[in-house]
Amino acid sequence: MSDEAINRRKLITLGSAAAAGSLLGLPLATGEAQAGTRARRSAATWENIVEKTSFNSTTAFTQEWNYGYPWGQYHNGAAKMLPGKVTLSGGVLTLTATRLSQSTEQSPSAPNAPIWWHSGTVHAKEPIVINDQFPEYDIEGEFRTQTGVGIWPAFWTTGIYPDWPPESDILEYVGDSTNLFNTWTKEAGENDPAERHELTGHDPGTWHKYRVWMEKDGDDVLLDYYFDGVWKASHRGVGWAGIPQYLIINLQMGSWASGVEQGDPLWSQQPGPSGNTTFQARNVWFGRTRS
């Protein structure tokens, strides 16, 4: 899928909102010892914000996560997010998107896609703020997902409205089996990420570990992206320092993942899978250093 087909962030309108090793702060493993490896700040204290056990029970989940997007039930796809589409079992979070028999409403968020699915999303209660007090964050999770036309899962951070960007896409599949590590900054404009690394040659339907390491660098934030413990890319979040961000896990559907835009004859139908589509997560956690 071309960059143009997924150039969605100009449509970030927020609808209703507008009205183990690294876990313990140890050095990265030898397999990660590429451009992304940095030493932990010696004077800093490590603290976990979301624990790997947060999907073990409803009680643990509700202590650290909220249902829905931070701004509500809708975003820039063709799915309405409902708590009932989020389930927990055996330490695994499952988001299920169900195709409807017909569309009876439109998303209030641009590009105002017709709603053809009910699906699920969650976001961490604690925001991410990379600043002098909390100069480093480590964010990680294991995921498996269906992919293909109409399927749009993501594990990502986004600036708290109206401060967007920043945004980091740690896992994102937009209608195919290519994962996108994206970093969005204001300097790059609204339409395309400042930096992108495409990851191919793997099966998204089996469990894989996705990770980003963030570190303050003046007014910017340095980001290292990892896949299954191996460093893949280093990006720079220009001007990110001090801007709060949410951490989100969602199974969006349709819109650019369907390969259609407004005006396309298939826009009203939102091509994509019938029945149920699932996106699963386990061992999701993040932590930070405190100076």
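Note that the structure is a prediction, hence the values are computed from the model and not measured.

I would appreciate a short explanation of the overall build of the protein chain in the present structure.
When you go through the protein chain residue by residue, the secondary structure sums to 1 helix and 17 strands. Residues counted as buried form 54% of the 291 residues belonging to the protein chain. Entry remark: accessible area of the protein chain is about 11,300 Å², with carbon and sulfur atoms responsible for 48%.

Is there a simple way to think about the pairing of strand S16 (residues 245–253) in this case?
Taken residue by residue, a regular strand's side chains alternate between the two faces of the sheet. For S16, a buried count of 8 out of 9 residues is recorded, marking the element as mostly surrounded by other parts of the structure. Summarising the sheet, strand S7 (residues 121–124) and S16 pair through 3 bridges and their orientation is antiparallel. Directly across from Val122, in S16, lies its bridge partner Ile249. When strand S9 (residues 151–159) meets S16, the two strands line up antiparallel, connected through 9 bridges. By the bridge assignment for S16, Ile151 is matched with Met253.

Hey, could you run me through the confidence of the model for the protein chain in this one?
Any segment with low pLDDT has predicted coordinates that should not be analysed in fine detail. For the protein chain, per-residue confidence averages 88 on the pLDDT scale, and residues scoring 70 or more make up 84% of the total. Under a pLDDT of 50 for its full length, residues 1–34 has, in the predicted model, 86 contacts with residues more than four places off or in other chains.

Just checking my understanding: could you explain the side chain of Arg211 for this structure?
Mapping Arg211 onto the fold places it in strand S13 (residues 208–217). A polar atom in the side chain of Arg211 sits 2.8 Å from the side chain of Asp138.

What is the right way to look at the pairing of S7 in this model?
Taking every second residue as pointing to the same face, both faces of S7 are buried, with Thr121 and His123 on one and Val122 and Ala124 on the other. When strand S2 (residues 65–67) meets S7, the two strands line up antiparallel, connected through 3 bridges. Counted as the bridge partner of Tyr67 is Val122 from S7.

Where do I start with the nonpolar core in this structure?
Grouped together as the largest cluster of nonpolar side chains are 54 residues, with contacts concentrated most on Trp65 and Ile249. The element contributing the most residues to this core is S16, with 5 residues. If we ignore the near neighbours within four places in the chain, the residues touching Trp65 are Val50, Ser54, Phe55, Val122, His123, Ala124, Lys125, Leu247, Ile249 and Val284.

Would you mind going over the sheet that holds strand S10 (residues 167–172) with me for this structure?
Picture the strands of a sheet paired through backbone hydrogen bonds; they go either parallel or antiparallel. Reading across the sheet, the 7 strands line up as S2-S7-S16-S9-S10-S11-S12 and stay open at both edges, with antiparallel pairing between neighbours. Sheet topology places S2 and strand S12 (195–199) at the edges, where each strand pairs with a single neighbour. Averaged over all adjacent pairs, the angle separating strand axes in this sheet is 15°, with direction ignored.

Which parts of the structure should I look at to understand the pattern of salt bridges?
A side chain with one charge may pair with a side chain of the opposite charge, provided their charged atoms come close. A full pass over the atoms with the stated rule returns 9 salt bridges. Among the ionic pairs, Asp220 bridges to Arg236, the shortest N-O distance being 3.1 Å. Of this pair, Asp220 sits in strand S14 (residues 220–227) while Arg236 is found in strand S15 (residues 230–237), placing the two residues 16 residues apart along the sequence. A residue is classified by how much of its surface remains accessible, and Asp220, at 16% relative accessible area, is buried. According to the relative accessible area criterion, Arg236 is partly exposed, its value standing at 32%. Taken together, the shared-partner salt bridges connect Glu47, Glu126, Arg288 and Arg290 into one network.

Sorry, what's going on with the packing of aromatic side chains here?
Aromatic ring pairs are reported here in terms of the distance separating the ring centres and the angle at which the planes meet. The full count for this structure, using the stated rule, is 15 aromatic pairs. Between Tyr69 and Trp71, the aromatic rings sit 5.0 Å apart at their centres with planes inclined by 5°, giving stacked as the arrangement. Grouping residues by exposure puts Tyr69 and Trp71 together as buried. Ring plane angle 20° and centroid distance 5.5 Å describe the contact between Phe143 and Phe279, whose orientation is recorded as stacked. Of this pair, Phe143 sits in strand S8 (residues 136–145) while Phe279 is found in strand S17 (residues 276–290), placing the two residues 136 residues apart along the sequence. Phe279 matches Phe143 in its accessibility class, with the two residues each being buried. Sitting above the plane of the Tyr226 ring, Arg211 keeps its charged end 4.6 Å from the centroid. Taking the ring centre of Phe134 as reference, the NZ or CZ of Arg288 above it sits at 3.6 Å.

Reading the values: rules and limits
Residues numbered from 1 in each chain as written. Predicted model: local features only at pLDDT ≥ 70, side-chain atom pairs only at ≥ 80, totals over all residues. Heavy atoms only, no water. Helix = DSSP H or I, 4+ residues; strand = E, 2+ residues; numbered from the N terminus. Buried < 20%, exposed > 50% of the residue type's maximum accessible area, 1.4 Å probe, protein only. Areas by Shrake-Rupley, 256 points an atom, 1.4 Å probe, with all protein chains shown as cover. Pairing = 2+ DSSP bridges. pLDDT = per-residue confidence, 0-100. Contact = heavy atoms within 4.5 Å. Polar contact = N/O pair within 3.5 Å; in protein donor to acceptor, adjacent residues only side chain to side chain. Core = buried A, V, L, I, M, F, W, Y, C linked by side-chain atoms within 4.5 Å. Axes fitted to C-alpha atoms, helices over the stretch in contact; angles between N-to-C directions. Salt bridge = Lys/Arg side-chain N within 4 Å of Asp/Glu carboxyl O. Phe/Tyr/Trp six-rings, centres within 6.5 Å; stacked < 30°, edge-to-face > 60°. Lys NZ or Arg CZ within 6 Å of the ring centre and 35° of its normal.

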